[in-house]
Amino acid sequence: MRSYKKNNDQLNNIHHLFFEDLGRPLVDKAFMAKLSHHIGRLATSHDFAVTYRKTPAITYIIGNEIKHARGVDSKHTRDISNTEELIENLKNNNVLSPLQTDRGMQLAVESFYFKSFGDGRRDVRARLRDIPRIDGFGSVIYDERRIIQSSLGLPYARDEINQSGRIDEMKSRSSISLIIGTIAMPKNRPFDISISMKLNEELSKQTLVIGKLSAYDAFKQAD
């Protein structure tokens with residue numbers, strides 16, 4: 001998670017405002033139940049603990065980044081007090097089309113993987129297949145995230161920038177990550193690759209539904 005700290009009066013005056021994260025949450029309860037079942041079986045057989053996110057999501061911008069954009073006086077964050085107001089600003093200023101932001105998307109699971117923190121914890125992530133844009137250039141979620149971040153004056157991931165300086169037609173759909181939760185096992189225990197293999201055997205190629213552009217706490221743990 002990125003954090004911005006600025007020592008100036010403008011930011012100090014807004015530190016008390018809380019902004020939720022912005023992106024597209026997982027709304028598919030049936031898929032989440034199926035996933036929890038399979039991860040639960042793996043946790044029992046491989047002796048690790050699982051902590052799920054309260055809102056698994058594809059996160060575009062975290063709340064601290066919205067506060068940063070407000071502090072540097074982005075026109076889209078002026079006079080807003082929560083993330084929902086930011087979403088409405090982006091739509092009202094024609095940065096994003098409500099036809100796209102106000103509806104969900106059905107995506108396919110490409111694979112599951114585990115990102116290590118080096119202390120025995122690993123994120124459980126689903127790599128999803130993004131939807132190509134109807135004009136054949138780019139992909140919906142990558143473009144949506146990049147447009148939002150650049151509109152607020154925030155940097156976005158270098159590997160999402162087309163280094164050739166022009167938009168080329170996609171040869172295949174891009175993959176994006178949905179953070180599901182975190183597993184924890186003893187720090188010095190090697191990760192058993194069969195955990196990943198079994199999860200992929202059970203659930204890769206499934207489809208799931210991602211909701212509309214929303215505000216949520218992506219990093220809050222489930223109760």
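Look a little higher up for the structure.
Described below are features of the structure shown in this document.

**Quick notes on the packing of aromatic side chains**
- With the rule as written, the count across this model stands at one aromatic pair.
- When the ring of F114 is compared with that of F191, the centres are 5.2 Å apart and the planes differ by 50°; the resulting orientation is tilted. A residue pair is termed long-range when its members are at least 10 positions apart, and F114 in strand β3 (residues 105-116) and F191 in the loop between β5 (175-184) and α7 (193-203) qualify at 77 residues.
- One residue, R121, lies across the ring of F117, its end atom 4.6 Å from the ring centre.
- Sitting above the plane of the Y113 ring, R127 keeps its charged end 4.1 Å from the centroid.

**Observations concerning the environment of P190**
- Residue position: P190 is located in the loop between β5 and α7.
- Relative accessible area serves as the criterion here: at 66%, P190 is assigned to the exposed category.
- With 70 residues separating them along the chain, P190 and G120 place their C-alpha atoms 8.9 Å apart.

**Side note on the pattern of salt bridges**
- Counted according to the given criterion, the structure contains ten salt bridges.
- Several salt bridges converge on common partners, so that one network encompasses R53, D123 and R125.

**Observations concerning the sheet that holds strand β6 (residues 207-210)**
- As summarised here, the arrangement of the seven strands in space is β6-β3-β4-β5-β2-β1-β7, forming an open sheet in which the pairing is antiparallel. On the outer flanks of this sheet lie β6 and β7 (214-216), each paired with one strand and no other. Between one strand and the next, the sheet's axes are offset by a mean angle of 50°, whatever the strand orientation.
- The sheet contact formed by strand β1 (residues 21-25) and strand β2 (residues 49-61) spans four bridges and is antiparallel. Of the residues in β2, the one forming a bridge with G23 is T59.
- Strands in contact with helix α2 (residues 29-46) are β2, β3, β4 (121-129), β5 and β6; relative to β2, the strand with the most contacts, it is inclined by about 140°.

Parameters and conventions
Residues numbered from 1 in each chain as written. Predicted model: local features only at pLDDT ≥ 70, side-chain atom pairs only at ≥ 80, totals over all residues. Heavy atoms only, no water. Phe/Tyr/Trp six-rings, centres within 6.5 Å; stacked < 30°, edge-to-face > 60°. Helix = DSSP H or I, 4+ residues; strand = E, 2+ residues; numbered from the N terminus. Lys NZ or Arg CZ within 6 Å of the ring centre and 35° of its normal. Buried < 20%, exposed > 50% of the residue type's maximum accessible area, 1.4 Å probe, protein only. Salt bridge = Lys/Arg side-chain N within 4 Å of Asp/Glu carboxyl O. Pairing = 2+ DSSP bridges. Axes fitted to C-alpha atoms, helices over the stretch in contact; angles between N-to-C directions. Contact = heavy atoms within 4.5 Å.

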